[in-house]
Amino acid sequence: MFLRDNSVFVPVKDPNLSMEKTPMPAQSADERVKNFDEVALGYAPEQAANEASRCLKCPGRYCSESCPAHVPTTEFIAEVRAGNYQRAYELISEKNSLPAITGRVCAQERQCERNCTRGIRGESVSIGRLEAFVAGWHAAHGEPLTGAPANGIPVAVAGSGPAGLACADVLSLAGYAVTVYEEKPFFGGIPVYGIPGFVLPNAVVERKLEELRARGVMFVPGVKVGRDLSVEELCGKFKGVFVATGASKSVLPGIPGEALPGVYTANDYLTAANVDGAPIQGRHVLVVGGGNTAVDAARCARRSGAERVTIVYRRSEAEMPARREEIAHALEEGIELCTMAAPAEFVGENGKLAGLVCERTELTAPDYPGGRCNIRGTGERFTLAADVAVLALGFTAEPIEGLATNDKGLIVVDRETLETSRAGALAGGDAVTGANTLVHAMAAGRKAAALLREKLGA
């Protein structure tokens, strides 16, 4: 639920001038590696009020400006401090359809919290934790958001990930009759298939789905738009169409041996643990990559009984794109980092994976000021033993038949209107941008909903 005792509000009268965030209660490392339960236990009301009192209420609203969804951060935090949790939830919901999800997995440290004034000297305000606290309180005690009367105008959404759910959320509140088509048997997209329960419990996503169902949103599984149902057919059946099929096709390194038994994509590996309930087990597990998906896969392997888990990344730890908190949790759980190493070849023994040959790398100057450092190989090679390897090198989109795409398979849209090559069909999220943060996809879904409302009226 991501909150503890919310029955009592303990006000904080004076500003909290601490340089550090209010600590998040969490399972100990020794305890959590034995289960897939959520690591963070959530703020209690007094902890939320204490953290909220660290906010300086900056007139510049730097945090909100650097949030892709432009959540009114200062305003909702002020309501948390005052104990007005319902109002805090309403303020967040003006811009964010998925606060219980983004509060847990959004890249706050590179977005809203990055520009928090408190972060100039000390740690920023823990915006994500406060957002999750508010969402948790609302799930337990809050009143449902009030929507407009049904207007009967049918709209189709292709894809039930963050972009699709956000679009359905806004349109259903406005009274539209929304039908969501999903290729897979379960709804929720990457938050369900690609993020483990110890980071984001599936029950959190399911609560959002139930909320949408209660508003009349219809969910249809097992239908791949572009294969089972064409975009042309959707446009003929519905007044509005939004394509948000995401980017779930794994990127492969293109090195020898990647087809060996024992080498898995992160997509397949995490689905086995998150959805199928049958984690892939190995004694020595290597995870190739440095993002959140790589860290999640490594932590899954640790919980699945692996004796040794190593993350192989071609740059330094400081340049890993994964959230700092997740990296810290992984290290606490005994996961090793092998940085400045690029995969060169998977090697087998008796027809199965036996190890990974890596080449040492070194950093070179970035192409432009502020950019990421480039890398180059040194020629030095070494081998890491492994019986399971997970490729977590990113995701790309699959082209949708009937819609124009670029050379990367991404749907081509007008940036302002989100219109695709098929008049009447809008598209957004990772299917358009490529793999991006969850909040960017959510913001795209909300933008699409606003554009559809403007176009369709009511």
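See the structure printed just above.
Structural notes, computed from the coordinates. (Residues numbered from 1 in each chain as written. Predicted model: local features only at pLDDT ≥ 70, side-chain atom pairs only at ≥ 80, totals over all residues. Heavy atoms only, no water.)

For the rest of this paragraph, the subject is the overall build of the protein. In terms of helices and strands, the protein carries 16 helices and 15 strands. For the protein, the C-alpha atoms occupy an extent of roughly 65 × 60 × 45 Å along the three principal directions. For the protein, the proportion of its 458 residues judged to be buried stands at 53%. Contacts in the protein between residues at least 24 apart in sequence constitute 70% of all its contacts with a sequence separation of at least 6. Surface summary for the protein: the accessible area is close to 19,900 Å², and the carbon and sulfur share equals 51%. One finds the centroid of the 48 positive side-chain charges in the protein at a distance of 3 Å from the centroid of its 55 negative side-chain charges. (Helix = DSSP H or I, 4+ residues; strand = E, 2+ residues; numbered from the N terminus. Buried < 20%, exposed > 50% of the residue type's maximum accessible area, 1.4 Å probe, protein only. Contact = heavy atoms within 4.5 Å. Areas by Shrake-Rupley, 256 points an atom, 1.4 Å probe, with all protein chains shown as cover. Lys, Arg positive; Asp, Glu negative; His and termini not counted. Charge placed at Lys NZ, Arg CZ, Asp CG, Glu CD.)

Attention now goes to helix H12 (residues 266-274). Counting buried positions over the nine residues of H12 gives eight, a clear majority of the element. Within H12, burial applies to Ala266, Asn267, Tyr269, Leu270, Thr271, Ala272, Ala273 and Asn274.

Among the five residues that make up strand E1 (residues 154-158), four are buried, leaving the element largely enclosed by the rest of the structure. Relative to strand E2 (residues 177-181), E1 is paired through five bridges, and the arrangement is parallel. When the sheet's bridge partners are listed, Val155 is paired in E2 with Val178. (Pairing = 2+ DSSP bridges.)

Moving on, we come to the packing of aromatic side chains. Per the counting criterion, the structure on display carries five aromatic pairs. An angle of 85° between the planes, with centres 6.2 Å apart, marks the rings of Tyr181 and Phe238 as edge-to-face. Of the two residues, Tyr181 sits in strand E2 while Phe238 sits in the loop between helix H11 (231-237) and strand E4 (240-243), which places them 57 residues apart along the sequence. One aromatic cluster is present, built from ring pairs that chain together Tyr85, Phe133 and Trp137. The ring of Phe198 carries the charged tip of Arg303 above its face, separated from the ring centre by 3.9 Å. (Phe/Tyr/Trp six-rings, centres within 6.5 Å; stacked < 30°, edge-to-face > 60°. Lys NZ or Arg CZ within 6 Å of the ring centre and 35° of its normal.)

To continue, consider the packing of helix H13 (residues 292-303) against helix H14 (residues 324-332). H14 packs onto H13 with a crossing angle of 25° between their chain directions and a minimal axis gap of 10 Å. As far as their axial angle goes, H14 and H13 are roughly parallel. Viewed along their axes, H13 and H14 form a crossing whose handedness is left-handed. Contacts between H13 and H14 pair Asn292, Val295, Asp296 and Arg299 from the former with Glu326, Ile327, His329 and Ala330 from the latter. The residue inventory of the contact of H13 with H14, partitioned by class, reads three nonpolar, two polar and three charged. (Axes fitted to C-alpha atoms, helices over the stretch in contact; angles between N-to-C directions. Parallel < 35°, antiparallel > 145°, perpendicular 65-115°, else oblique. Left-handed = near helix turned anticlockwise from the far one by under 90°. Nonpolar A, V, L, I, M, F, W, Y, C, P; charged D, E, K, R; others polar.)

To continue, consider unusual backbone geometry. As a rule of thumb, non-glycine residues mostly have phi less than zero, and peptide bonds are mostly trans rather than cis. Within the chain, His70 stands out as a residue other than glycine whose phi angle is a positive 55°. Residue placement: His70 occurs in the loop between helix H3 (62-65) and helix H4 (73-82).

Now for the state of the cysteines. If you walk through the whole model with that rule in mind, you get zero disulfides. Note on Cys58: no disulfide assigned, nearest cysteine sulfur contributed by Cys55 at a separation of 6.4 Å. (Disulfide = S-S within 2.5 Å.)

A word on the sheet that holds strand E10 (residues 341-349). Sheet strands pair via backbone hydrogen bonds, and the direction of the pair is either parallel or antiparallel. Taken in spatial order, the three strands of this open sheet run E10-E11-E12, and their pairing is antiparallel. Where the open sheet ends on each side, the last strands, each with one partner, are E10 and strand E12 (374-385). Neighbour-to-neighbour, the strand axes of the sheet open up by a mean angle of 20°, direction not taken into account. Across eight bridges, the pairing between E10 and strand E11 (residues 352-364) is antiparallel. The partner of Gly348 across the bridge, within E11, is Leu353.

All right, on to the sheet that holds strand E3 (residues 218-220) then. Reading across from one edge, E3-E2-E1-E4-E15 is the order of the five strands in this open sheet, with parallel pairing throughout. With partners counted over all chains shown, the strands left at the sheet margins are E3 and strand E15 (425-427), one partner each. Between one strand axis and the next, the sheet turns by 20° as a mean value, whatever way the strands run. Across the sheet, helix H8 (residues 162-173) touches E1, E2, E3 and E4, and the angle it forms with E2 is around 170°.

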